[in-house]
Amino acid sequence: MRSREILAQTAHRPYPRPSGQWIMRQHWCDLLFAHWSVDPSALRACIPRELELDLDEHGRAWLAVVPFRMENIRFFCTPAAPWISAFPELNVRTYVKYKGEPGVFFFSLDAANPVGCALGRAWFYLPYEYARMRLNHGGDPVRYSSFRRHAVNDANGLPVAADFVAEYAPAGPVYYSQPGSLEHWLTERYRLFSYDFKNSRVWVGEIQHGPWPLQPARARIAINTMARPVGFDLAPAPELLHFVRNIEVLCWRPTPA
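None of these values were measured; they are calculated from a predicted model.

## Describing helix 3 (residues 114-124)
Piece 1. Among the residues of helix 3, those classed as buried are Gly116, Cys117, Gly120 and Phe124. The buried residues of helix 3 all sit within an arc of 105° when viewed along its axis, so they share a single face.
Piece 2. For helix 3, the elements touching its buried residues are strand 1 (24-38), strand 4 (87-98), strand 5 (101-111), strand 6 (128-136) and strand 11 (191-196).
Piece 3. Two residues or fewer after helix 3 comes tyrosine 125, characterised by a positive phi angle close to 55°.

Below, the structure written as structure tokens:
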């Protein structure tokens, strides 16, 4: 799909797409949305005070673990660079608002490429972590493993591992979420908020892609300690599972909020 075709898909967006020039294009594939509802008060303590925790219509807070693979990563007007253009990534995220605007907040983004981790930290103020990762992509089930290279400290200052091992696959046909549904509220978000802890500043990043081609999913999760650094031991079985085979994404450079 050409970039102008991606830009033209706006009817599904809950707010207008960003103006100005996008700086990066990415292809996401074999993505799993694994969601757990968590205690809002405990989650509120984990996000910067400038951000408001976004709750669903039933007052629930949600935390997601999202494994996938990025491919064909390139900057505007440049070809894909072989050494950083494809690698697995694994995100831990929740849902927030900043001055009433909804978006995503990442607790961590593990990636198998040290250059990509360094660029993500320096350019996007995102908490990238280098991990040893493997997956077989393009087949069912997807077999995915991630072991963070360096343990991080939890809220009590104790080192904890952040690892993930799972098999997952689609379990039904592609569908598109409807406005007002929970899966639409969880997935159709095109704004991320990151935090520069050194300068106590919120940054806003924008993305654009077509509507999520969701599929019901099944998963067998053998190891999942990804949320322990922020104080959560997640249940073995997620409450919600969705699979996405492929989606093309455009990214804008973050700006100060």
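After that view of the structure, there is still more to cover.
## Observations concerning the side chain of aspartate 163
Piece 1. Within the fold, aspartate 163 resides in strand 10 (residues 163-170).
Piece 2. For the buried aspartate 163, no salt bridge is present, and the opposite-charge side chain at shortest range is arginine 148, 6.8 Å distant.
Piece 3. At 3.3 Å, the side chain of aspartate 163 forms a polar contact with the backbone nitrogen of arginine 148.
Piece 4. Ignoring sequence-local partners within four residues, the contact set of aspartate 163 consists of Ser146, Phe147, Arg148, Ile223, Asn224, Thr225 and Met226.

## Some words on the environment of alanine 237
Piece 1. Here alanine 237 is to be found in the loop between strand 13 (215-224) and strand 14 (240-251).
Piece 2. Alanine 237 sits 230 residues away from leucine 7 along the chain, and the two C-alpha atoms are 36 Å apart.

## With respect to unusual backbone geometry
Piece 1. The phi angle at asparagine 72 is positive, at roughly 50°, despite the residue not being glycine.
Piece 2. Tracing the chain through its elements places asparagine 72 in strand 3 (residues 61-75).
Piece 3. Within the chain, lysine 99 stands out as a residue other than glycine whose phi angle is a positive 50°.
Piece 4. Following the sequence through the fold, lysine 99 ends up in the loop between strand 4 and strand 5.
Piece 5. Using a relative accessible area of 73% as the deciding quantity, one classes lysine 99 as exposed.

## Considering the pairing of strand 7 (residues 142-148)
Piece 1. Counting buried positions along strand 7 gives 5 out of 7 residues, so the element sits mostly inside the fold.
Piece 2. Pairing analysis gives 6 bridges linking strand 6 to strand 7, with the strands arranged antiparallel. Each residue of the ladder has a partner; that of asparagine 136, found in strand 7, is arginine 143.
Piece 3. In sequence, strand 6 turns back onto strand 7 through a hairpin of 5 residues, with glycine 138 there showing a positive phi of about 90°.
Piece 4. Two strands pair when backbone bridges link them, and strand 7 and strand 10 are joined in this way by 6 bridges, in the antiparallel orientation. Across the sheet, the residue bridging to arginine 143 is glutamate 167, located in strand 10.

## Some thoughts on the environment of tryptophan 123
Piece 1. Take tryptophan 123: it is sitting in helix 3.
Piece 2. Sequence-wise, tryptophan 123 and proline 254 are 131 residues apart; in three dimensions their C-alpha atoms are separated by 7.8 Å.
Piece 3. Other than its neighbours up to four places away in sequence, tryptophan 123 contacts Phe75, Arg253 and Pro254.

Definitions and limits used
Residues numbered from 1 in each chain as written. Predicted model: local features only at pLDDT ≥ 70, side-chain atom pairs only at ≥ 80, totals over all residues. Heavy atoms only, no water. Buried < 20%, exposed > 50% of the residue type's maximum accessible area, 1.4 Å probe, protein only. Helix = DSSP H or I, 4+ residues; strand = E, 2+ residues; numbered from the N terminus. Arc of directions from axis to C-beta. Contact = heavy atoms within 4.5 Å. Lys, Arg positive; Asp, Glu negative; His and termini not counted. Salt bridge = Lys/Arg side-chain N within 4 Å of Asp/Glu carboxyl O. Polar contact = N/O pair within 3.5 Å; in protein donor to acceptor, adjacent residues only side chain to side chain. Pairing = 2+ DSSP bridges.

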